[in-house]
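A structural walkthrough
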Amino acid sequence: MARRKAGNGEPTQRFLTVAGDLTRTGVKTGEMGVAAAQTIGYRTAMMAAAMNNPIDLANPEFVRMGSEKVEAMVEATHAVAKGIGEMQQAWMTLMQGQLQAAMVMVTGLGQCRNPADLMELQRRTVTETVEAGIHAALYMVESATALTQAGMTPAYRTVRANARRLAKQHG
């Protein structure tokens, strides 16, 4: 599913990777819209022509219209269900990082002997809390991006294949 990067990878690079993935998803969405419009146009013309000859209503294309949508939906549902688990894992990573930072603070309080120790503990706690939050949030965004791509891919593949196939048949 997602390229798991919940470790300590460079946040800027991880963010740029996500931005690139989202850009590709946007482009695919546009391509899918164009291919869907083409497919609808071809199929509408086929249905209109079939109204003049009832035998033409037995065209396998009319059955394919329903079955391919069900197949794509089942595949997308499976991919999204798998991705939901990864999103939950990303959420738990976020909560765990914050909890660990809080535990460092609590356990460190007993070791503070002077104000300088307390300031160092606070600095370390804030640093660890912020870093854990950044990496967990990036993991969450990476998981959400992968979830979007996984859910869209079956429909994208089907719509594009239909447009190419129908263009060859009728073009």
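Residues numbered from 1 in each chain as written. Predicted model: local features only at pLDDT ≥ 70, side-chain atom pairs only at ≥ 80, totals over all residues. Heavy atoms only, no water.

Taking an unreviewed UniProt entry as the reference, the protein is identified by name as Phasin family protein belonging to Azospirillum argentinense.

**Side note on the overall build of the protein**
Short version of the rule: Numbering of helices and strands starts at the N terminus; helices are DSSP runs of H or I of at least 4 residues and strands are runs of E of at least 2. Radius of gyration here uses only the C-alpha atoms, and the compact-globule reference equals 2.2 Å multiplied by the residue count raised to the power 0.38. Note on exposure labels: buried denotes an accessible area under 20% of the residue type's maximum, exposed denotes more than 50%, and partly exposed covers the range between, all computed with a 1.4 Å probe on protein chains only. Working rule for contacts: check all heavy atoms of both residues, and any pair within 4.5 Å makes them a contact. Only the protein chains shown count as cover for residues, with accessible areas throughout obtained via the Shrake-Rupley method and a probe of 1.4 Å. Charged residues are defined narrowly, with Lys and Arg counted positive, Asp and Glu counted negative, and His plus the chain ends left uncounted. Just so you know, the charge point we use is NZ for Lys, CZ for Arg, CG for Asp and CD for Glu.
Along the backbone of the protein there are three helices and zero strands. Listed by position from the N terminus, the elements making up the protein come as α-α-α. Relative to its length of 171 residues, the protein is extended, with a C-alpha radius of gyration of 26 Å against a globular reference of 16 Å. Across its three principal directions, the C-alpha atoms of the protein cover 95 × 25 × 20 Å. For the protein, the residues scored as buried account for 27% of the 171 residues in total. For the protein, restricting intrachain contacts to residue pairs at least 6 apart in sequence, the fraction spanning at least 24 positions comes to 77%. Of the roughly 10700 Å² that the protein leaves accessible, carbon and sulfur atoms contribute 66%. Here the protein contributes 18 positively and 14 negatively charged side chains, and the mean placements of these two sets differ by 5 Å.

**Let's talk about the UniProt feature "domain: Phasin" (unreviewed entry) in the protein**
Put simply, the rule reads: UniProt positions are given in the numbering used here, feature names are shortened, and annotations may be inferred rather than shown by experiment.
When the UniProt feature table is mapped onto this chain numbering, "domain: Phasin" (unreviewed entry) sits at residues 62-155. Across residues 62-155 one finds 95% helix and 0% strand; the C-alpha atoms that close the span lie 18 Å apart.

**Brief notes about helix α2 (residues 60-109)**
Because the α-helix completes a turn every 3.6 residues, residues three or four places apart line up on one side. Our working rule: Multiplying one less than the number of residues by 1.5 Å gives the expected span of a helix. Two N or O atoms form a polar contact when they lie within 3.5 Å of each other; inside protein one atom must be a possible hydrogen donor and the other a possible acceptor, and for residues adjacent in sequence the pair counts only when both atoms belong to side chains.
Taking 1.5 Å per residue, 50 residues should reach 74 Å; α2 reaches 73 Å between its end C-alpha atoms and fits that length. Sitting at the amino-terminal end of α2 is Asn 59, which places a side-chain oxygen 2.8 Å from the backbone nitrogen of Glu 61.

**Focus: the nonpolar core**
Convention followed: The term nonpolar core refers to a set of buried residues drawn from Ala, Val, Leu, Ile, Met, Phe, Trp, Tyr and Cys, joined through side-chain atoms within 4.5 Å.
Core analysis: the biggest nonpolar cluster contains six residues, these being Met 32, Ala 35, Met 152, Tyr 156, Val 159 and Ala 163. Every element with two or more residues in this core is listed here: α1 (11-50) and α3 (115-170). Among the elements that line this core, the one with the most residues is α3, at four residues. Not counting the four nearest positions on each side in its chain, Met 152 is found in contact with Thr 25, Lys 28, Thr 29 and Met 32. Grouped together as the second largest cluster of nonpolar side chains are five residues, Met 46, Phe 62, Met 65 and Leu 166 included.

**Some words on the packing of α1 against α3**
Selection rule: Inter-axis angles, ranging from 0 to 180 degrees, are taken between N-to-C directions of lines fitted to C-alpha atoms, where helices are fitted over the stretch in contact. Oblique is the label for every angle not falling under 35 degrees (roughly parallel), over 145 degrees (roughly antiparallel), or within 65 to 115 degrees (roughly perpendicular). In this scheme the handedness of a crossing depends on how the near helix is turned from the far one: anticlockwise by less than a right angle means left-handed, clockwise means right-handed. Under the convention adopted here, Pro, Cys and the residues Ala, Val, Leu, Ile, Met, Phe, Trp and Tyr are nonpolar, Asp, Glu, Lys and Arg are charged, and Gly plus all remaining residues are polar.
Direction vectors running N to C along α1 and α3 enclose 25 degrees, while the axes themselves pass 7 Å from each other. Between α1 and α3, the angle is such that the two are roughly parallel. When you trace α1 past α3, the crossing you get is left-handed. In terms of residue class, the contact of α1 with α3 is built from 20 nonpolar, ten polar and eight charged.

**A look at the packing of aromatic side chains**
Short version of the rule: For Phe, Tyr and Trp, where Trp contributes only its six-membered ring, two rings pair if their centres lie within 6.5 Å, and the inter-plane angle classes them as stacked under 30 degrees, edge-to-face over 60, or tilted in between. We call a charge positioned over a ring when the NZ of a Lys or the CZ of an Arg lies within 6 Å of the ring centre and within 35 degrees of the ring normal.
A full pass over the atoms with the stated rule returns zero aromatic pairs. One residue, Lys 28, lies across the ring of Tyr 156, its end atom 5.1 Å from the ring centre.

**Focus: the side chain of Glu 61**
Inspection of the secondary structure puts Glu 61 in helix α2. Classification of Glu 61 by relative accessible area gives buried; the value is 4%. Side chain to side chain, Glu 61 and Arg 43 meet in a polar contact 2.8 Å long.

**Things to note about the confidence of the model for the protein**
Note that predicted coordinates carrying low pLDDT should not be read in detail. Which entries qualify depends on this criterion: Every residue is assigned a pLDDT by the predictor, reflecting its confidence on a scale from 0 to 100.
For the protein, the mean per-residue pLDDT works out to 88, and 95% of the residues sit at or above 70. The secondary structure element of the protein with the lowest average pLDDT is α2, at 89, and the one with the highest is α1, at 92.

**Quick word on the pattern of salt bridges**
This is how the line gets drawn: Definition used for salt bridges: Asp or Glu carboxyl oxygen within 4 Å of a side-chain nitrogen of Lys or Arg.
If you walk through the whole model with that rule in mind, you get ten salt bridges. With a closest N to O distance of 2.9 Å, Glu 142 and Arg 14 form a salt bridge. Residue Glu 142 is found in helix α3, and its partner Arg 14 is found in helix α1; the two are separated by 128 residues along the sequence. Classification of Glu 142 as buried rests on a relative accessible area of 8%. Between Arg 64 and Glu 61 there is a salt bridge whose closest N-O contact spans 3.5 Å. Of the two residues, Arg 64 and Glu 61 are both situated in helix α2; the distance of three residues between them amounts to about one turn of the helix. Put simply, Arg 43, Glu 61, Arg 64, Glu 68 and Arg 165 are held in one network by salt bridges that share partners.

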